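One-letter residues, chain by chain:
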Amino acid sequence: MITFTSEVLLNSLFTNYIQIPYNQEHNHTYWEIFISLSGHCKQTLNKKTEDISAGTVYFLRPIKDVHYFETTNLDETYRHRDIYILDSDMRLYCNMIDPELYDKLYSAKQPVSFTTTSSIRKYIEELFSSQNVPNTDQVPLLKNMHFAATISLLVEYQKFQQQTNLLPDWLTIFVKELKKTDNFIYSIEELSSKIPYSHGYICREFKKYMKQTIVNFFNVQKINYASFLLMNTNLKILDIATTIGYSSPKNFINQFTKMYQMSPSEWRKKNQLSSRK
């Protein structure tokens with residue numbers, strides 16, 4: 001196993017844009033926040049393998065957390081951003097938001113993770129890409145950008161945690177059901193039929209807590225899974241549409257194009273693994 005020390009921070013100027021993730025087991029003497037920007041990947045973290053998709057954020061603790069990424073049959077669209085933080089800086093940043101936040105992050109049984117929005121990912125990438133050719137003379141400026149990005153993610157985590165803590169038990173279970181790929185063939189009415197509330201009440205409460213409609217949330221889960229099938233299988237587009245519960249291929253193509261800015265066939269041509277072509 002490799003341990004990366006704080007010398008990496010200055011050499012990398014506190015951040016890295018990763019196209020091919022590191023596939024050797026390692027940890028760090030500093031904090032690492034990594035944000036999955038696009039695509040899918042498998043990470044083994046503290047001996048547990050997990051699927052990572054766009055929007056996933058992890059706070060990896062100094063020394064405690066050991067991880068690596070699987071690069072065999074890697075999704076060619078996978079990208080993530082690493083942000084490196086000295087422990088002393090992390091304590092300072094956390095304390096600005098909540099005096100108990102550092103202890104919550106460091107003392108958790110497993111590394112803290114959550115899913116952030118596309119707007120936050122875009123903000124962070126624009127923040128770092130605004131400095132096209134960084135060098136050591138620009139360290140003060142980069143530190144400011146590093147501070148802004150870290151604070152943004154810590155605040156987003158606080159919001160996520162507050163929302164999760166406030167979710168009623170029935171809604172937590174319902175959200176999990178909406179994420180199960182086996183349930184994509186069912187309608188929202190069918191999946192919500194066991195909840196002892198009216199459909200109107202369920203819709204209102206879902207939007208209040210999740211900040212989006214059930215229809216939008218369910219469609220995002222379906223289309224993300226469709227992108228995975230397009231990349232990893234040779235299923236016909238009609239069959240993929242049926243698999244995720246679209247009776248109309250045209251409707252599926254429209255929804256996919258709206259979300260990915262290209263048609264399913266164009267996306268497959270660009271992203272399908274070479275072993276599947």
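What this report covers is the structure whose coordinates are included nearby. (Residues numbered from 1 in each chain as written. Predicted model: local features only at pLDDT ≥ 70, side-chain atom pairs only at ≥ 80, totals over all residues. Heavy atoms only, no water.)

**Examining the side chain of Gln-221**
Now for step 1: Counting through the fold element by element, Gln-221 comes out in helix H9 (residues 214–232).
Now for step 2: Here Gln-221 falls in the buried class, since its relative accessible area comes to 18%.
Now for step 3: Those residues in contact with Gln-221, other than ones at most four positions away along the chain, are Leu-178, Lys-179 and Phe-184. (Helix = DSSP H or I, 4+ residues; strand = E, 2+ residues; numbered from the N terminus. Buried < 20%, exposed > 50% of the residue type's maximum accessible area, 1.4 Å probe, protein only. Contact = heavy atoms within 4.5 Å.)

**Thoughts on the environment of Lys-176**
Now for step 1: As for its placement among the helices and strands, Lys-176 is situated in helix H6 (residues 169–179).
Now for step 2: Using a relative accessible area of 54% as the deciding quantity, one classes Lys-176 as exposed.
Now for step 3: Residues Lys-176 and Arg-61 lie 115 residues apart in sequence; the distance between their C-alpha atoms is 27 Å.

**A look at the pattern of salt bridges**
Now for step 1: Following the criterion strictly, the structure yields 9 salt bridges and no others.
Now for step 2: Salt-bridge contacts for Glu-25 lead to Lys-47; the nearest nitrogen and oxygen are separated by 3.3 Å. Taken together, the residues span a long stretch of sequence, with Glu-25 in the loop between strand E2 (15–18) and strand E3 (26–28) and Lys-47 in the loop between strand E5 (40–45) and strand E6 (48–53) at a distance of 22 residues.
Now for step 3: Close ionic contact of Lys-104 with Asp-98 constitutes a salt bridge, the shortest N to O distance being 3.7 Å.
Now for step 4: The partly exposed category is assigned to Lys-104, whose relative accessible area is 42%. (Salt bridge = Lys/Arg side-chain N within 4 Å of Asp/Glu carboxyl O.)

**Comments concerning unusual backbone geometry**
Now for step 1: If you check the backbone angles, Lys-211 has positive phi at about 60° while not being a glycine.
Now for step 2: Structurally, Lys-211 is set in the loop between helix H8 (199–210) and H9.
Now for step 3: Even without a glycine there, the phi angle at Gln-261 is positive, about 60°.
Now for step 4: When you line up the elements, Gln-261 lands in the loop between helix H11 (249–260) and helix H12 (264–271).

**Here we look at the layout of surface pockets**
Now for step 1: Computed from the structure, the second largest pocket encloses a volume of approximately 210 Å³.
Now for step 2: Contributing to the lining of the second largest pocket are 16 residues, with Phe-4, Tyr-22, His-26, Asp-82 and Tyr-84 lying nearest its centre.
Now for step 3: Of all elements in the fold, only E2, E3, strand E8 (67–70) and strand E9 (79–85) reach the threshold of two or more residues within the lining of the second largest pocket.
Now for step 4: In terms of residue class, the lining of the second largest pocket is made up of 9 nonpolar, 5 polar and 2 charged. (1 Å grid on protein atoms, 1.4 Å probe; cavity = no way out; pocket = protein on both sides within 12 Å on 5 of 7 lines; lining within 4 Å. Points joined across faces, edges and corners; volume = space filled by probe spheres on them. Nonpolar A, V, L, I, M, F, W, Y, C, P; charged D, E, K, R; others polar.)

**Focus on the sheet that holds strand E10 (residues 112–115)**
Now for step 1: What the 5 strands build is an open sheet, ordered E2-E9-E4-E7-E10; its pairing is antiparallel. Each end of this open sheet is capped by a strand with a single partner; those strands are E2 and E10. Each adjacent strand pair in this sheet contributes to an overall mean axis angle of 15°, direction not counted.
Now for step 2: Both strand E7 (residues 56–60) and E10 contribute to a ladder of 4 bridges, which runs antiparallel. In the sheet register, Val-57 faces E10, and the bridge partner there is Phe-114.
Now for step 3: In this fold helix H2 (residues 87–97) packs onto strand E4 (31–38), E7 and E9, with an angle of close to 95° to the strand it touches most, E9.
Now for step 4: Here helix H4 (residues 118–129) sits on the sheet and contacts E2, E4 and E9; the angle it forms with E4, its principal contact strand, is near 110°. (Pairing = 2+ DSSP bridges. Axes fitted to C-alpha atoms, helices over the stretch in contact; angles between N-to-C directions.)

Function cannot be read off these values alone, since they describe shape.
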